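Inside the fold
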Amino acid sequence: MALDAWLSEDWQFQRNSSVNEDAYGNAKSDWYDVATVPGRLVEKRQHIWSDERKESLVVSNMLLLVPASADAQERDRAVRVADGETYTVTGILMRRARAAYHLSLSVERVT
């Protein structure tokens, strides 16, 4: 099976350029589109925080596989085009091989 056939979803990467300020002088997040690439999301783990301050806060850690040519950096946003779910790229996992076919991105979603 070819890698392109296995990466079955479209993902859009967005990057923050926080150069603007709001009316109170705080940095305002301006996200702009970097690229749209095929990818596949693999669920790794979920942690549910439940205490008096954060009621049922769910943190999902996943692995997003994209082509090696994708322009992705830590702290980018990865948005699934089909449903608009947004994940934060928390790390790029290095793979040691003769040829790089894909990037493994550690992504996180807080709900």
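Cut-offs and rules
- Residues numbered from 1 in each chain as written.
- Predicted model: local features only at pLDDT ≥ 70, side-chain atom pairs only at ≥ 80, totals over all residues.
- Heavy atoms only, no water.
- Helix = DSSP H or I, 4+ residues; strand = E, 2+ residues; numbered from the N terminus.
- Buried < 20%, exposed > 50% of the residue type's maximum accessible area, 1.4 Å probe, protein only.
- Contact = heavy atoms within 4.5 Å.
- Pairing = 2+ DSSP bridges.
- Axes fitted to C-alpha atoms, helices over the stretch in contact; angles between N-to-C directions.
- Salt bridge = Lys/Arg side-chain N within 4 Å of Asp/Glu carboxyl O.

Comments concerning the environment of threonine 86
- Tracing the backbone shows threonine 86 in strand β7 (residues 86-93).
- Residue class for threonine 86 comes out partly exposed when judged on its relative accessible area of 33%.
- Residues threonine 86 and tyrosine 101, 15 residues apart in the sequence, show an inter-C-alpha distance of 24 Å.

Section: the side chain of asparagine 61
- With respect to the helices, strands and loops of the structure, asparagine 61 is situated in strand β5 (residues 57-67).
- In contact with asparagine 61, other than residues within four places in its own chain, are Glu43, Lys44, Arg45, Val107 and Glu108.

Details of the sheet that holds strand β4 (residues 31-49)
- Here six strands make up a closed barrel; going around it, the order is β1-β4-β5-β8-β7-β6 and the pairing antiparallel. Averaged over all neighbouring strand pairs, the angle between strand axes comes to 45°, with direction disregarded.
- Pairing geometry for β7 and strand β8 (residues 102-110), over five bridges, is antiparallel. In the strand pairing of β8, valine 89 is matched with valine 107.

Topic: the pattern of salt bridges
- Per the counting criterion, the structure on display carries six salt bridges.
- Aspartate 71 is paired through a salt bridge with arginine 15; the nearest N and O atoms lie 3.4 Å apart. Highlighted residues: aspartate 71 in the loop between β5 and β6 (77-80) and arginine 15 in strand β1 (residues 9-16), separated in sequence by 56 residues.
- With a closest N to O distance of 3.8 Å, glutamate 85 and arginine 109 form a salt bridge. Residue glutamate 85 is located in the loop between β6 and β7, and its partner arginine 109 is located in strand β8; the two are separated by 24 residues in the primary sequence.
- For glutamate 85, a relative accessible area of 22% gives the class partly exposed.
- Arginine 109 gets classed as partly exposed once you look at its relative accessible area, which sits at 27%.

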